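Coordinate inspection notes
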Amino acid sequence: MKIICVGRNYIQHAAELNNPVPSEPVIFIKPDSALVTNEKPFFIPPFSSDIHHEVELVVKICKVGKNIAPRFAHRYYDEITVGIDFTARDLQAKLKSNGLPWTLAKGFDGSAPVGRFVPCASLSPTNQIRFRLEKNGEVVQSGVSGEMLFSIDTIVAFVSKYFTLKTGDLIFTGTPAGVGPVKEGDTLCAFIGDERLLTCNVR
Ligand code: ZN
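For the structure given in this document, a descriptive report is provided here. (Residues numbered from 1 in each chain as written. Predicted model: local features only at pLDDT ≥ 70, side-chain atom pairs only at ≥ 80, totals over all residues. Heavy atoms only, no water.)

1. So, the overall build of the protein
What counts here: Strands are runs of DSSP state E lasting at least two residues, helices are runs of H or I lasting at least four, and both sets are numbered from the N terminus onward. As a reference, a globule follows 2.2 Å times the number of residues to the power 0.38, and the radius of gyration itself is taken over C-alpha atoms. Type-normalised accessible area, obtained with a 1.4 Å probe on protein chains alone, sets the label of each residue: buried when under 20%, exposed when over 50%, and partly exposed for intermediate values. Note on definitions: a residue-residue contact is assigned when non-hydrogen atoms from the two residues lie within 4.5 Å.
Broken down by element type, the protein carries four helices and 15 strands. Relative to the globule expectation of 17 Å for 203 residues, the C-alpha radius of gyration of the protein, 16 Å, shows essentially globular dimensions. Taken over the C-alpha atoms alone, the protein extends approximately 45 × 40 × 30 Å along its principal axes. Expressed as a percentage of the 203 residues in the protein, the buried residues total 51%. Residue pairs in contact within the protein that sit at least 24 positions apart in sequence constitute 77% of those at least 6 positions apart.

2. Some details on the nonpolar core
Formally: To form a nonpolar core, buried Ala, Val, Leu, Ile, Met, Phe, Trp, Tyr and Cys residues must be joined to one another through side-chain atoms within 4.5 Å.
With 44 residues, the main nonpolar core has Ile80, Val82, Phe86, Val156, Ile171, Leu188 and Ile192 as its most contacted residues. Every element with two or more residues in this core is listed here: β1 (3–7), β5 (55–61), β6 (77–84), α2 (89–97), β10 (130–135), α4 (152–160), β14 (187–192) and β15 (195–201). The leading source of residues in this core is α4, at five residues. Setting aside chain neighbours within four positions, we find Ile80 in contact with Val58, Val59, Arg116, Phe117, Val118, Cys120, Leu123, Ile129, Ile152 and Ile192. Within the second largest apolar cluster, 11 residues are counted, among which are Cys5, Phe28, Val58 and Trp102.

3. Let's talk about the pairing of strand β11 (residues 138–144)
Here is the rule: A strand pair is defined by DSSP finding two or more bridges across the two strands.
Note that β10 and β11 share six bridges and pair antiparallel. Of the residues in β11, the one forming a bridge with Phe131 is Gly143. Hairpin remark: β10 followed by β11, antiparallel, with two residues in the connecting loop; positive phi at Asn136, about 50°.

4. What about the coordination of the zinc ion?
What counts, and what does not: Counted as donors are N, O and S atoms no farther than 2.8 Å from the metal, or 3.2 Å for Na, K and Ca; water is not among the atoms, and sites may therefore look incomplete.
Distances from the zinc ion to its protein donors, namely Glu54 (OE), Glu56 (OE) and Asp85 (OD), fall within the range 1.9 to 2.1 Å. All donors of the zinc ion come from a single chain, and their spacing in sequence reads E-x1-E-x28-D. Pair noted here: Glu54 is in the loop between β4 (51–53) and β5 and Asp85 is in the loop between β6 and β7 (87–88), with a separation of 31 residues, a long-range link. Of the two residues examined, Glu54 and Asp85, each falls in the buried class.

5. Here we look at the environment of Ala177
Along the polypeptide, Ala177 turns up in the loop between β12 (170–172) and β13 (180–181). On the basis of relative accessible area, Ala177 is assigned to the partly exposed category, the value being 25%. In contact with Ala177, other than residues within four places in its own chain, are Gln12, His13, Glu16, Val140 and Gln141.

6. Quick notes on the sheet that holds β13
Judged by pairing direction, the sheet is antiparallel, and its three strands sit side by side in the order β7-β4-β13 without closing on themselves. Strands with a single pairing partner mark the edges of an open sheet, and in this sheet they are β7 and β13. Judged from the two bridges that link them, β4 and β7 form a sheet pairing that is antiparallel. Bridging from a neighbouring strand, His52 pairs with Thr87 of β7.

7. Focus: the pattern of salt bridges
The criterion, for reference: Salt bridges are defined as contacts in which a side-chain nitrogen from Lys or Arg sits within 4 Å of a carboxyl oxygen from Asp or Glu.
The full count for this structure, using the stated rule, is 10 salt bridges. Residue Arg89 is joined to Glu54 by a salt bridge in which the shortest nitrogen-to-oxygen separation is 2.8 Å. Here Glu54 lies in the loop between β4 and β5 and Arg89 lies in helix α2, a separation of 35 residues in the sequence. Considered together, Arg89 and Glu54 belong to a single accessibility category, that of buried residues. Between Glu54 and Lys106 there is a salt bridge, with its nearest N and O atoms 3.2 Å apart.

Set out below in structure tokens:
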């Protein structure tokens, strides 16, 4: 499986990092070794002293697709959860300033914890899904899918022009504003609506 991620998909988040608002989805990939499931802890890697949380809605692809038309995109995912796109912000800044790919800053081991998946059918329409992240019991990020610059269907269609989507692939759909650092001992809890789908302890 592969983990496909969208950058700068919420205007306020692009602004908080002083990035321009993109005219096409900004796509990057994490290797499968980044995936963390079953609420296993996140370990701060030794090469960064500024790891940020980015809470995101994550969709799971349920059938193979290539060159998917936007109007059929909803048929290619049927489950959704919240995940954290952990980012080594210091390393990312260094890579960006040298015009280099972000891969190491985004794709390191354990950088993609995902929560328990729930059927899309059990949720609000896909443009009205509310989600949030709490750090040590305090809300630090919240968003609603309708605020995305590029909708889930648009992303699925766009990505499938380049990569064949396969059953089990995950798409991280971008983070709303409020990203910030984590430290050892923090507890992160991510919710869709009022349902807690992910707990991640930082070690
Ligand atoms: Zn992200």
